Amino acid sequence: MEKRIVHVDMDAFFAAVEQRDNPSLRGKPVIIGASPRKGTGRGVVSTCSYEARRFGVHSAMPISRAWRACPDGIYLSPDMSKYSVESKKIMEILAAFSPVMEKISIDEAFLDCSGTEHLFGDSRALGQSIKEKILSERGLTASVGIASNKSVAKIASDLEKPDGLVICPPGEEAAFLAPLPVNRLWGAGPKTVERLEKMGITTIGELAAFSEEGLARRFGRWGARLRQMALGIDSRSLETENGRKSISEERTFSRDTGKTEILEKMLLSLSQDVAAQLRRKKMKARTVHLKLRFSDFTTLTRSRTLQRYFDDTVTLHHAAGDLFRSVPRFQKVRLIGVGVSGMEEGKVYIQPSLFGENRGKSRKVDRVMDEVARKHGKVITRAGLLGKKESLSSNKVDKKKGRG
Ligand code: TTP
Ligand code: MG
């Protein structure tokens, strides 16, 4: 499916919030940052209103220089708690346009709005709706870029600031970028830009047309990436908050053990704990992690991403068990851990048909155990946890992390 990635970046964010809250500041050069002390102040400019930018003032400029460039400006110190409350409110507005969101700074986020045409219309309509919602609910303007990938969307949002809306139609990425100067490339720092300019490359189109070998010779592996960027190719997906989240549990044995049976039981117990936490958070995960620490303290981790999301003990236990059995063990085990990541909120629907009869039964066991834990605050164990001869108590475990 064709991707539709939206990049939203607020205009002169800190300064715009101050201008909104104090009408006497509107239309004036407002500079947020360190105290200027009549030109003797130390520290830098955080940001400034577009009116102040006309005087050459910009972010990260020494405040003393800003003062000399714009002595009649209105200088304010930043009110971070106010801006972070504002940021949260804006992110909430954005989240209504797509559950797949990557916040990249206090005033900037990507949204993956692929396949939302039936809800929000074409990209122009979508961009306008986002901007209008932010303006009507928060009294602030944002600039929006929409393209088939993150890199091009990010470049697009910056092109017509402030209050901009720039769309790069799918398939036109390279042509869209070609006339722009190379310093517009997201990820090309000042050093790269300087080297490119020395090679006679000033536009992104010139970079895209440069020979692959020539770039590789001068930039190594970075050369290939630069060329891709110049062609508007970027396959990275959004890093959502849930995707970054993880849940894990680990136990250190009071006595190191090499007994497969004990280790396998511990895997089940840990899987049960982690899966219960997933369900409590109403989340489903896709990636399973295993951690083993051996007697000599060497630590090994393995992970595997499954084809579908899960929140049940059996799926997690099977995957963790597969990872466990794939590790050659020459030493006794001191610590074992199970974790999950790649999470999505409960919205991910698991097709019932994917579950065999046993898995269906197992989910019932999970539900009963969740219910007991909720009512009585204690965890009951699956019959499978209790072996014939040894129970876990014969090999006491220390639940505390850090000991291992
Ligand atoms: P930016 O989005 O980079 O800048 P901006 O929103 O002020 O202006 P623009 O219209 O160009 O997007 O950064 C967001 C906020 O982060 C900015 O309002 C203040 C803060 N910031 C700093 O404190 N120091 C800095 O060097 C930069 C770049 C930003
Ligand atoms: Mg901004």
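Residues numbered from 1 in each chain as written. Chains lettered and ligands numbered in written order. Predicted model: local features only at pLDDT ≥ 70, side-chain atom pairs only at ≥ 80, totals over all residues. Heavy atoms only, no water.

Caption draft 1: Summary view of the site of ligand 1. Residues in contact with ligand 1 amount to 13 residues; listed here are only the nearest, A12, T47, Y50, R53 and D107. At 3.0 Å, a backbone N or O of M10 approaches an oxygen atom of ligand 1. Here an oxygen atom of ligand 1 sits 2.8 Å away from a polar atom, N or O, in the side chain of D107. Contact with the protein chains removes 70% of the 560 Å² of surface that ligand 1 exposes when unbound. (Near = heavy atom within 4 Å. Polar contact = N/O pair within 3.5 Å; in protein donor to acceptor, adjacent residues only side chain to side chain. Areas by Shrake-Rupley, 256 points an atom, 1.4 Å probe, with all protein chains shown as cover.)

Caption draft 2: Structural context of the coordination of the magnesium ion (ligand 2). Around the magnesium ion (ligand 2), the protein contributes the donor atoms D9 (OD), M10 (O) and D107 (OD), which lie 2.0 to 2.2 Å from the metal centre. Taken together, the six donor atoms coordinating the magnesium ion (ligand 2) span angles of 82 to 176° at the metal, a pattern that classifies the geometry as octahedral. Residue D9 is classed as buried on the basis of its relative accessible area of 12%. Judged by its relative accessible area of 3%, M10 falls in the buried class. (Donors = N, O, S within 2.8 Å, 3.2 Å for Na, K, Ca; no water. Tetrahedral: all angles 85-135°; square planar, octahedral: opposite > 155°, others 65-115°. Buried < 20%, exposed > 50% of the residue type's maximum accessible area, 1.4 Å probe, protein only.)

Caption draft 3: Seen up close, the sheet that holds strand β6 (residues 108–112). Read across the sheet, five strands follow the order β5-β6-β1-β7-β8 without closing on themselves; strand pairing throughout is mixed. What marks the edges here is a single partner per strand, and that holds for β5 (101–105) and β8 (165–167). Across the sheet, the axes of successive neighbouring strands diverge by a mean angle of 15°, strand direction being ignored. Sheet analysis places β5 next to β6, joined by four bridges and oriented antiparallel. What sits directly across from M101, in β6, is L111. In this fold helix α6 (residues 123–138) packs onto β1 (5–10), β6, β7 (142–147) and β8, with an angle of close to 155° to the strand it touches most, β7. Helix α7 (residues 150–159) rests against β1, β5, β6, β7 and β8 of the sheet, and its axis sits at about 145° to β7. (Pairing = 2+ DSSP bridges. Helix = DSSP H or I, 4+ residues; strand = E, 2+ residues; numbered from the N terminus. Axes fitted to C-alpha atoms, helices over the stretch in contact; angles between N-to-C directions. Contact = heavy atoms within 4.5 Å.)

Caption draft 4: Focus on the side chain of Q19. Mapping Q19 onto the fold places it in helix α1 (residues 13–21). Exposure remark for Q19: the relative accessible area of 13% places this residue in the buried category. A distance of 3.2 Å separates a polar atom in the side chain of Q19 from the backbone oxygen of K28. With near-sequence residues (within four places) excluded, Q19 lies in contact with L25, R26, G27, K28, V30, S49 and E51.

Caption draft 5: Broad picture of the confidence of the model for the chain. Predicted confidence across the chain gives a mean pLDDT of 88, with 88% of residues reaching 70 or more. Contacts of residues 347–357 to residues separated by more than four positions or lying in other chains number 12 contacts, the stretch itself having pLDDT below 50. Under a pLDDT of 50 for its full length, residues 386–404 has, in the predicted model, 39 contacts with residues more than four places off or in other chains. (pLDDT = per-residue confidence, 0-100.)

Caption draft 6: Examining the packing of α1 against helix α4 (residues 80–95) more closely. Relative orientation of the contacting elements α1 and α4 amounts to 95°, with a least axis distance of 10 Å. Between α1 and α4, the angle falls in the class roughly perpendicular. Contact residues: α1 offers F13, F14, V17, E18, R20 and D21, while α4 offers M80, K82, Y83, E86, S87 and I90. Classifying every residue of the contact of α1 with α4 gives six nonpolar, one polar and five charged. (Parallel < 35°, antiparallel > 145°, perpendicular 65-115°, else oblique. Nonpolar A, V, L, I, M, F, W, Y, C, P; charged D, E, K, R; others polar.)

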